[in-house]
Amino acid sequence: MNRRGLIGSLPGPPADFSFKCINSVEDILLEDPRLGPRPLKRCEDGKLLSQAINLSYNTLTDLRGFRDVVDKLLVEPSNLSWIDLSFNDLSAIDSVLTSYRSLCVLNLHGNSISHLSQVDKLAALPNLKSLTLHGNPINGETGYRSYVLSVLPQLKSLDFSLVTKQDRITADTWRRINIKSRRASRVKNE
């Protein structure tokens, strides 16, 4: 493949819908993406040539209709690899995110996620390497970092901080201790 063909096949910049006062996912289709230093390319049917979507700094409370909107918005929605949902008002991690198997980066910081168990849903994303959750109520829970890393051992970065070898050791120890205590309490209750 020549250089010109290679450049044409590269994904474009993120489809940036940040700071648009979007309060429902369907509203994305009523907005034009923000202009950035690199222009977004569109195919003949108007769909965007991008593998990333930025919905940060909006007022989303849920992701109802997300799949349909992304299907209408992007040329190859199955290749979506980067989603920024930071600084919205999401109280849960919607399972629709787990359908994007190519997802590598997911930003959810500055939302209202209050149950650590929400992170369990993300275990279905084998390519997820970077996750942000700081600024959510779960961030203050005891064992937060160890819990997240025990559920998502493939992460390379959590909350914009590299995952260290010591983080992995601590998460493994935390997981073994907590699994044993859960089993013991389950047996005790039976």
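Residues numbered from 1 in each chain as written. Predicted model: local features only at pLDDT ≥ 70, side-chain atom pairs only at ≥ 80, totals over all residues. Heavy atoms only, no water.

Some points on the environment of Leu-155
Stage number 1. On the secondary structure map, Leu-155 appears in the loop between α3 (144-151) and β6 (157-158).
Stage number 2. By relative accessible area, Leu-155 is classed as buried at 0%.
Stage number 3. Expressed as a C-alpha distance, the spacing of Leu-155 and Arg-168, which sit 13 residues apart in the sequence, is 9.8 Å.
Stage number 4. Leave out the neighbours within four places in its chain, and Leu-155 touches Leu-128, Lys-129, Ser-130, Leu-131, Val-148, Leu-149, Val-163 and Arg-168. (Helix = DSSP H or I, 4+ residues; strand = E, 2+ residues; numbered from the N terminus. Buried < 20%, exposed > 50% of the residue type's maximum accessible area, 1.4 Å probe, protein only. Contact = heavy atoms within 4.5 Å.)

Here we look at a nonpolar patch on the surface
Stage number 1. Together, Phe-19, Tyr-57 and Phe-87 make up a nonpolar patch on the protein surface, roughly 300 Å² of accessible area in all.
Stage number 2. Mapped onto the elements of the fold, Phe-87 is located in the loop between β3 (82-84) and β4 (105-107). (Patch = residues over 30% accessible without salt bridge, like charges linked within 9 Å, V, L, I, M, F, W, Y side chains within 5 Å. Areas by Shrake-Rupley, 256 points an atom, 1.4 Å probe, with all protein chains shown as cover. Salt bridge = Lys/Arg side-chain N within 4 Å of Asp/Glu carboxyl O.)

A closer look at unusual backbone geometry
Stage number 1. With phi around 60 degrees, Cys-21 is a residue other than glycine that occupies positive phi space.
Stage number 2. In this fold, Cys-21 is placed in the loop between β1 (15-16) and β2 (52-54).
Stage number 3. With relative accessibility at 66%, the residue Cys-21 sits in the exposed group.
Stage number 4. The phi dihedral of Tyr-57 falls on the positive side, at around 55 degrees, and the residue is not glycine.
Stage number 5. Summarising the element assignment, Tyr-57 is placed in the loop between β2 and α2 (66-73).
Stage number 6. On the basis of relative accessible area, Tyr-57 is assigned to the partly exposed category, the value being 38%.

Looking at the packing of aromatic side chains
Stage number 1. Taken as a whole, this structure holds four aromatic pairs when the rule is applied.
Stage number 2. Both rings, one in Phe-19 and one in Tyr-57, keep their centres 4.4 Å apart while their planes meet at 10 degrees; by these two values the pair is stacked. Taken together, the positions of Phe-19 in the loop between β1 and β2 and Tyr-57 in the loop between β2 and α2 put the pair 38 residues apart, joining distant regions of the chain.
Stage number 3. Their ring planes at 85 degrees and their centres at 5.9 Å tell us that Phe-66 and Tyr-100 sit as a pair that is edge-to-face. Of this pair, Phe-66 sits in helix α2 while Tyr-100 sits in the loop between β3 and β4, placing them 34 residues apart in sequence. Each member of the pair, Phe-66 as well as Tyr-100, carries the same accessibility label: buried.
Stage number 4. Taken together through their ring pairs, the aromatic side chains of Phe-19, Tyr-57 and Phe-87 make up a single cluster.
Stage number 5. Between the NZ or CZ atom of Arg-67 and the centre of the ring of Tyr-100, over which it lies, the distance is 6.0 Å. (Phe/Tyr/Trp six-rings, centres within 6.5 Å; stacked < 30°, edge-to-face > 60°. Lys NZ or Arg CZ within 6 Å of the ring centre and 35° of its normal.)

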